[in-house]
Amino acid sequence: DGGITQSPKYLFRKEGQNVTLSCEQNLNHDAMYWYRQDPGQGLRLIYYSQIVNDFQKGDIAEGYSVSREKKESFPLTVTSAQKNPTAFYLCASSMYSYSNQPQHFGDGTRLSIL
Amino acid sequence: AQKVTQAQTEISVVEKEDVTLDCVYETRDTTYYLFWYKQPPSGELVFLIRRNSFDEQNEISGRYSWNFQKSTSSFNFTITASQVVDSAVYFCALSGDGGSNYKLTFGKGTLLTVNP
């Protein structure tokens, strides 16, 4: 079945540590996105990528980094510079990055601080 | 700037009741798109519907219906004869046609609990 796979489902980070969240899609979508969700809040955009080897900052990119070396993959690294990383992280993709395209989401990764 | 307001933080109903989730939006774009997503306890957001700003016809899909009114900048979602499986957080979202046409602006969501 086509879809978006995020791993791991749960992740714990120690102080000063970088951690990487995986996102893989087999929908042949060009565009991919990372969102952060905090309790009682909507989703906020961290980074997005319209095409391989290109990505743009979203609204809350500080303390995060991404890469897009393959069309299928868009990993997110939460660096030690992100002082409040505890949140639910959702990866999404769309056929292309135009406003009329619905985004399809993965199951999410819940990140906590040890 | 775009904004989506879902004034209802939580709604609790008894099974078989009808329930309407409100969504009010703000945008300066003349062409824009509105979406509803469902987030069950598993966490994944499930796409429900997309509406463009030129199509104000209401839509019905089974027990779900959507009422889009440009005059009041609202895009409300009604579930008829609610069921326990409808329990979830529902998000309304907006994307525009300007320079940030990639961007989905989400409301804060409404937690719907359907009790048996």
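The structure reproduced in this document is the subject of the present report. (Residues numbered from 1 in each chain as written. Chains lettered and ligands numbered in written order. Predicted model: local features only at pLDDT ≥ 70, side-chain atom pairs only at ≥ 80, totals over all residues. Heavy atoms only, no water.)

1. Observations regarding the nonpolar core
In a soluble, globular protein the nonpolar side chains are often hidden away together inside.
And then number 1: If you look at the biggest cluster of nonpolar residues, it comprises 23 residues, and the most contacted ones within it are B:Trp36, B:Phe77, B:Tyr90 and B:Leu112.
And then number 2: Among the secondary structure elements, those contributing two or more residues to this core are β2 (10–14), β3 (19–21), β5 (32–39), β8 (64–69), β9 (74–79), β10 (88–96) and β12 (110–115) of chain B.
And then number 3: For this core, the element with the highest residue contribution is β10(B), accounting for 4 residues.
And then number 4: Counting 20 residues, the second-largest nonpolar core is a separate cluster that includes A:Ile4, A:Leu11, A:Ala61 and A:Leu76. (Core = buried A, V, L, I, M, F, W, Y, C linked by side-chain atoms within 4.5 Å. Buried < 20%, exposed > 50% of the residue type's maximum accessible area, 1.4 Å probe, protein only. Helix = DSSP H or I, 4+ residues; strand = E, 2+ residues; numbered from the N terminus.)

2. Let's talk about the pattern of salt bridges
Residue and element names in this part refer to chain A.
And then number 1: Going through the model one piece at a time under the given rule, you end up with 6 salt bridges over all chains.
And then number 2: For Asp 38, the salt bridge is made with Arg 36, and the minimal N-O distance between the two is 2.9 Å. Neither Asp 38 nor Arg 36 differs from the other in exposure class; each is buried.
And then number 3: The partner of Asp 38 in a salt bridge is Arg 44, with the nearest N and O atoms 2.8 Å apart.
And then number 4: Through salt bridges with shared partners, one network takes in Arg 36, Asp 38 and Arg 44. (Salt bridge = Lys/Arg side-chain N within 4 Å of Asp/Glu carboxyl O.)

3. Some details on the state of the cysteines
And then number 1: Evaluation of the coordinates by the stated rule reveals 2 disulfides over all chains.
And then number 2: Here A:Cys23 pairs with A:Cys91 through a disulfide, and the sulfurs are 1.9 Å apart. Between A:Cys23 and A:Cys91 the sulfur-sulfur dihedral comes to about -75°; the bridge is accordingly left-handed. You can see A:Cys23 sitting in strand β3 (residues 19–25) and its partner A:Cys91 sitting in strand β9 (residues 87–94), a full 68 residues away along the chain.
And then number 3: Judged by its relative accessible area of 0%, A:Cys23 is buried.
And then number 4: With a relative accessible area of 0%, A:Cys91 lands in the buried category.
And then number 5: Here B:Cys23 is linked by a disulfide to B:Cys92, with a sulfur-sulfur distance of 2.0 Å. Disulfide B:Cys23 to B:Cys92: torsion about the S-S bond roughly -65°, handedness left-handed. Taken together, the residues span a long stretch of sequence, with B:Cys23 in the loop between β3 and β4 (24–26) and B:Cys92 in strand β10 at a distance of 69 residues. (Disulfide = S-S within 2.5 Å.)

In short, shape yes, function no, at least from these values alone.
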